[in-house]
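# Reading the structure
Each chain is listed here by its residues.
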Amino acid sequence: MSAITAHHDDHAHSHEPSFAQQLRSNRLGLWLFFFSELFLFAALLVARFFLWGGARPELSQVLGLIATSVLLLSSFFVYRAESAMAHGDRKTFQSGMLIAAFLGTLFFIGVVFMEWNIFGLQGEIAGIELFGHLKPTDGVFGAVFYAMTGMHALHVLSGIIFLLIVWNNGRKGHFSSEEHWGVEAAALYWHYVDVIWVFFYPALYLIGTAG
Amino acid sequence: MNDKKAAAYRLGFTTLGILAVLTAVEYIVGVYIPNPAVWLIILALVKAGIIVQNFMHIARLWREESH
């Protein structure tokens, strides 16, 4: 009986995919997820160009530039963290993930507290307006702006949580230089969120005449 | 620091530098050039391509490799 069981176990193990096979499947699955999400973001972009046309709301272009720079910088630190894990450099991995999560939080605060201005604040530094005036009820400008930035901010928030979970798991020694799919997945997701903003930033802040 | 790690970090710095320059150009084009839509879309596509290629390693999808 035990011989039959052992034979059955061997048979089951021989059908288990290798780590490399699992990794290929995981990567393909994640990229397919990105592709499916692309339809959502593309629809928002189409809505912006269809409804706004050659106009755009009065927004602080400098604030948009700063937010974009912060997000790009966070992508760099995520890349650095992933590269560090791939080469067994845990210290750089942990610092990279934490800095990226911090910069992501700064971006999120920039959108929610400054651009959305949920507390109705006012202020400026060196002539740069720090807080937005646009409300969700301000016609197509407000509706499209809040739909685009809201959907993106939701992804930023989930990305920050993802980065922090991976950072914590890395701290506990859950990843190695050979096997760190979790780190790669979090990094890919974060870069994807960055890529979406690369298109949203000019569409919201730079294209069209303010009015 | 081994060569592969140094090369990976160097790629990160180079990519960040290129993205910073393109973002600055994007801002200048958007603020100072009339009807900048086409230029801005081209710049966004270039920036996205660089991120997808250098940070997201899209080539891994069709390469036989582990980590």
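Read on for a plain summary of the structure. Along each chain, numbering runs from 1 in the same order as the chain's sequence is written. Following the order in which they are written, the chains are lettered starting with A and the ligands numbered starting with 1. In view of the model being predicted, local features appear only for residues whose pLDDT reaches at least 70, and side-chain atom pairs are presented and counted only at 80 or more, with totals across whole chains, interfaces and linings using the full set of residues. The basis for every side-chain value is the complete set of non-hydrogen atoms in the structure, without hydrogens or water.

### Quick look at helix H6 (residues 181-206) of chain A
Owing to its 3.6 residues per turn, the α-helix brings residues three or four apart onto one side. Residues and elements named next belong to chain A. Under the convention used in this document: For helices the rule is a DSSP run of H or I covering at least 4 residues; for strands it is a run of E covering at least 2, with both sets numbered from the N terminus onward. Helices are assigned an expected span. That span is 1.5 Å times one less than the residue count. We define the bend at each residue as the angle formed by axes fitted to the 7 residues ending at it and the 7 residues starting at it. Three labels apply to residues, based on accessible area from a 1.4 Å probe with only protein chains included: buried if under 20% of the type maximum, exposed if over 50%, partly exposed otherwise in between.
Helix length check: H6, at 26 residues, gives a terminal C-alpha distance of 37 Å against a target of 38 Å (1.5 Å per residue), a fit within 8%. When the local axis directions of H6 are compared, the greatest deviation, roughly 30 degrees, occurs at phenylalanine 200, which is followed within four positions by the proline proline 202. Extensive coverage of H6 is indicated by the burial of 24 of its 26 residues.

### Thoughts on the packing of aromatic side chains
Given two aromatic rings, their pairing is described by the distance between the two centres and the angle made by the two planes. Definition in use: Side-chain rings of Phe, Tyr and Trp, where Trp is taken by its six-membered ring, are said to pair if the distance between their centres is within 6.5 Å; with planes under 30 degrees apart they count as stacked, over 60 as edge-to-face, and otherwise as tilted. The criterion is that NZ of a Lys, or CZ of an Arg, lies within 6 Å of the ring centre and within 35 degrees of the ring normal, and then a charge sits over that ring.
Here the structure, examined in full by the defined rule, presents 17 aromatic pairs over all chains. Seen from their ring centres, A:Trp116 and A:Tyr146 are 5.4 Å apart, and the 35 degrees between their planes marks the pair as tilted. Remark: A:Tyr146 occurs in helix H5 (residues 139-171) and A:Trp116 occurs in the loop between helix H4 (90-115) and strand S2 (124-125); sequence separation between them is 30 residues. A:Trp116 gets classed as buried once you look at its relative accessible area, which sits at 19%. For A:Tyr146, a relative accessible area of 15% translates into the label buried. Chaining the aromatic ring pairs together yields one cluster made of A:Trp31, A:Phe33, A:Phe34, A:Phe41, A:Tyr192 and A:Phe200. Sitting above the plane of the B:Tyr9 ring, A:Arg80 keeps its charged end 4.5 Å from the centroid. The ring of A:Trp167 carries A:Arg171 above its face, with NZ or CZ at 5.4 Å from the centroid.

### What about the interface of chain A and chain B?
Spelled out, the test is: Note on contacts: a residue pair is in contact if any heavy atoms of the two residues lie within 4.5 Å. The term buried area refers to how much accessible surface (probe radius 1.4 Å) is lost by two components on association, counted for both of them together. Put simply, a salt bridge is a Lys or Arg side-chain nitrogen that is within 4 Å of an Asp or Glu carboxyl oxygen. Contacts described as polar in this section are N or O atom pairs within 3.5 Å, which, within protein, must combine one atom able to donate a hydrogen with one able to accept it, while residues neighboring in sequence count only if both atoms come from side chains.
In this complex, chain A contributes 40 residues to the contact, which on the side of chain B involves 37 residues. Interface area, chain A with chain B, both sides summed: about 3400 Å², of which 72% is carbon and sulfur. Scanning the region where chain A abuts chain B turns up three salt bridges. In this structure, the salt-bridge partner of A:Asp89 is B:Lys5, at a minimum N-O distance of 3.3 Å. The interface formed by chain A and chain B holds five residue pairs in polar contact (both at pLDDT 80 or more) in total.

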